[in-house]
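Structural description and commentary
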Amino acid sequence: MVTSVTNLGRSGAYDWMVQRVSAVVLALYTAFMVGVLVFTPDLTYEVWSALFAKTWMRIFSLAALVALGAHAWIGLWTITTDYMKNGVVRFVAQAACGTIMFVYFIWGVQILWGL
Amino acid sequence: MAIIECEAVNSKRPVNLDLTKFHFPLPAITSILHRISGVIIFIAIAFLLWGLDASLASKESFASLQSVMDSFLAKLILWGILAALFYHFVAGIKHLIMDAGFGETLKGGQIAAKVVIAVSVVLILLAGVWIW
């Protein structure tokens with residue numbers, strides 16, 4: 001059996017499940033954020049920063065960030081393995097995706113916890 | 001025998017694989033749009049994190065973000081991001097529903113693809129109304 005070394009969970013079934021669990025987390029976060037923005041027409045800095053100062057909101061945001069990392073990796077891995085037949089090109093593209101995702105994660109943590 | 005079969009297969013068929021001459025069924029189009037919108041969202045995260053950073057860093061940066069968002073170009077970019085996000089959201093929900101065992105037929109797939117297009121068009125138009 002040939003096992004892939006670049007997919008997230010080393011197993012298609014595991015990736016399949018991670019993709020769906022992370023999708024639910026991201027969908028809940030998206031719906032929540034859209035709800036906040038739509039139902040707070042005159043959003044002030046005070047209200048907005050107070051929301052993100054709450055621990056549950058930081059945890060929710062961090063969960064979304066972790067879910068985004070897994071979700072984007074699996075999705076971009078699937079796309080790059082489907083369309084990039086040249087191993088070197090694919091490796092470079094996947095490395096770029098991984099690097100960008102890592103930067104996003106660190107950046108997001110920095111915004112949420114303000115290092 | 002092999003030659004006859006080969007000629008029969010090849011008769012009146014295009015020898016090129018010109019993608020513009022293919023007719024894609026709607027579920028194929030919604031599937032590729034799901035992938036394209038996913039890539040757009042991945043790139044858009046940079047803009048969204050930048051906006052989140054500006055909105056939370058200070059009262060001044062919050063105000064400057066608000067003035068940036070008054071420009072037509074910024075609104076257009078935001079609409080594009082929300083369009084990709086809402087489409088990906090709706091197409092993803094369709095996946096979860098089908099994973100749960102609903103509509104796993106050819107007919108079901110075709111109806112689901114139409115619903116995905118219809119619902120996301122409505123959401124994208126509403127997003128445009130909300131932005132402007």
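Whatever comes next refers back to the structure up there.
Put simply, helix α4 (residues 87-113) of chain A and helix α2 (residues 26-57) of chain B touch, their axes get as near as 10 Å, and they point 15° apart. Taken together, the axes of α4 of chain A and α2 of chain B are roughly parallel relative to one another. Handedness of the crossing formed by α4 of chain A with α2 of chain B: left-handed. Two secondary-structure elements touch here, α4 of chain A through Cys-97, Ile-100, Met-101, Tyr-104, Trp-107, Gly-108 and Ile-111 of chain A and α2 of chain B through Phe-42, Ile-43, Ile-45, Ala-46, Leu-49, Trp-50, Leu-52, Asp-53 and Leu-56 of chain B. Residue composition of the contact of α4 of chain A with α2 of chain B, by class: 14 nonpolar, one polar and one charged.

Every buried residue of helix α2 (residues 45-53) of chain A is accounted for by Tyr-45, Trp-48, Leu-51 and Phe-52 of chain A. All buried residues of α2 of chain A project into a common sector of 135° when viewed along the axis, lining one side.

The interface of chain B with chain A comprises 26 residues on the first partner and 30 residues on the second. If you sort the residues of chain B by the area they bury against chain A, Arg-35, Phe-42 and Leu-56 of chain B come out on top, with a joint share of 28%. Applying the counting criterion to the chain B and chain A interface returns three salt bridges. Among the salt bridges present, the one from Asp-99 of chain B reaches Arg-20 of chain A, with a minimum N-O distance of 2.4 Å. At the junction of chain B and chain A, the tally comes to nine residue pairs in polar contact (both at pLDDT 80 or more). The element contributing the most residues to the side of chain B that touches chain A is α2 of chain B, with 14 residues. Of the residues that constitute the side of chain B that touches chain A, the class distribution is 17 nonpolar, five polar and four charged.

Definitions and limits used
Residues numbered from 1 in each chain as written. Chains lettered and ligands numbered in written order. Predicted model: local features only at pLDDT ≥ 70, side-chain atom pairs only at ≥ 80, totals over all residues. Heavy atoms only, no water. Axes fitted to C-alpha atoms, helices over the stretch in contact; angles between N-to-C directions. Helix = DSSP H or I, 4+ residues; strand = E, 2+ residues; numbered from the N terminus. Parallel < 35°, antiparallel > 145°, perpendicular 65-115°, else oblique. Left-handed = near helix turned anticlockwise from the far one by under 90°. Contact = heavy atoms within 4.5 Å. Nonpolar A, V, L, I, M, F, W, Y, C, P; charged D, E, K, R; others polar. Buried < 20%, exposed > 50% of the residue type's maximum accessible area, 1.4 Å probe, protein only. Arc of directions from axis to C-beta. Buried area = accessible area lost by both parts, 1.4 Å probe. Salt bridge = Lys/Arg side-chain N within 4 Å of Asp/Glu carboxyl O. Polar contact = N/O pair within 3.5 Å; in protein donor to acceptor, adjacent residues only side chain to side chain.

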